[in-house]
Amino acid sequence: MELLLVVILAALLLGAFLWWRRESAARQERDLADARADAQRWYERLGGQVMNLHGDDPAVRQALVDAGERYNAAGGQLEQARTVQQYRLARETALEGLAYARAARVALGIDPGPELPPLAAAAGAGQLTRERQVDVQGQTFKAGPQPGRDTPYYYPGGRFQGRPVPAGWYSTPWWKTALGAGAGVLGGLLIADALFSPAFADPGYGYDAGYQEGYAEGADYGDQGGDVGGDQAGDFGGGDFGGGDFGGGDFGGGDF
């Protein structure tokens, strides 16, 4: 009798284990299919924007070049993706490409379209609300919230060497040069320090004690975004990198 009970209990345990494993495998398949479909959806939307948008203005052309680069990169990632995380990386690349396409629409003076999901790499970076100009090592660097003749390079927000760089338009893609060569990193940090220094603490820039808190909070987001952004976080900003407000305080959480 006891032996029979043991056999029945073992059979029940085995059946429960097999059911759990089957359900777990089915859930993983569903998650993988959902991640694949989501990434594919944003990738196809980006393809439509890249194909249909055209313009001769330097800001438009540059934004579309960056969007096209992300489209090609996302396509390659989709072909190689085998896991949920890899499909999420492809989704993030496609979303960044759409951020550039949206910037191109702004530069064209047409409706930018609906808001996009936030980029992981741009979490806490914020966006520029005022024009600014600085001189670093004999060169002039400009930045502002709108495209212009002197600011044709869009950046969707992100981090450079651990510090937040807000979304906006820049006179030169200094983050690419700095990331492309070891000697350029120091120059990139000097540019970032000059552009986003407390020297801009006039009304409207919102620099106060909240910056430090916001910066720390943004750094935490940046660490998480590294997992999602991978190598893209460099050029991307990952790549070339909207976020809401700059970090968490005023200059740290309000508009920059």
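Heads up: the structure comes first, above all this text.
Residues numbered from 1 in each chain as written. Predicted model: local features only at pLDDT ≥ 70, side-chain atom pairs only at ≥ 80, totals over all residues. Heavy atoms only, no water.

## Some details on a nonpolar patch on the surface
- On the surface, a cluster of nonpolar side chains totalling about 570 Å² of accessible area is made up of Met1, Leu4, Leu5, Ile8 and Leu12.
- By the secondary structure assignment, Ile8 is in helix H1 (residues 2-52). (Patch = residues over 30% accessible without salt bridge, like charges linked within 9 Å, V, L, I, M, F, W, Y side chains within 5 Å. Areas by Shrake-Rupley, 256 points an atom, 1.4 Å probe, with all protein chains shown as cover. Salt bridge = Lys/Arg side-chain N within 4 Å of Asp/Glu carboxyl O. Helix = DSSP H or I, 4+ residues; strand = E, 2+ residues; numbered from the N terminus.)

## Side note on the pairing of strand E1 (residues 132-136)
- Here E1 shows a buried face lined by Arg132, Val134 and Val136 and an unburied face lined by Gln133 and Asp135.
- Looking at chain direction, E1 and strand E2 (residues 139-144) are connected through five bridges and run antiparallel. Bridge assignment links Asp135 to a residue of E2, and that residue is Thr140. (Buried < 20%, exposed > 50% of the residue type's maximum accessible area, 1.4 Å probe, protein only. Pairing = 2+ DSSP bridges.)

## A short note on the packing of aromatic side chains
- Under the definition given, this model contains nine aromatic pairs.
- Plain terms: the ring middles of Phe160 and Trp174 are 5.6 Å apart, the flat faces sit at 85 degrees to each other, and that makes the pair edge-to-face. Taken together, the residues span a long stretch of sequence, with Phe160 in strand E4 (residues 158-160) and Trp174 in helix H4 (residues 174-180) at a distance of 14 residues. The exposure classification of Phe160 matches that of Trp174, with both residues buried.
- An angle of 75 degrees between the planes, with centres 5.5 Å apart, marks the rings of Trp174 and Trp175 as edge-to-face. In terms of burial, Trp174 and Trp175 fall into one category: buried.
- An aromatic cluster is defined as three or more aromatic residues linked by ring pairs; in this entry it consists of Tyr155, Phe160, Tyr170, Trp174 and Trp175. (Phe/Tyr/Trp six-rings, centres within 6.5 Å; stacked < 30°, edge-to-face > 60°.)

## Re the pairing of E2
- Counted between consecutive antiparallel strands, the loop separating E1 from E2 contains two residues, among which Gln137 sits at a positive phi close to 50 degrees.
- Of the pairings in the sheet, the one linking E2 to strand E6 (residues 168-170) comprises two bridges and is antiparallel in character. Within E6, the residue paired with Ala143 across the bridge is Tyr170.

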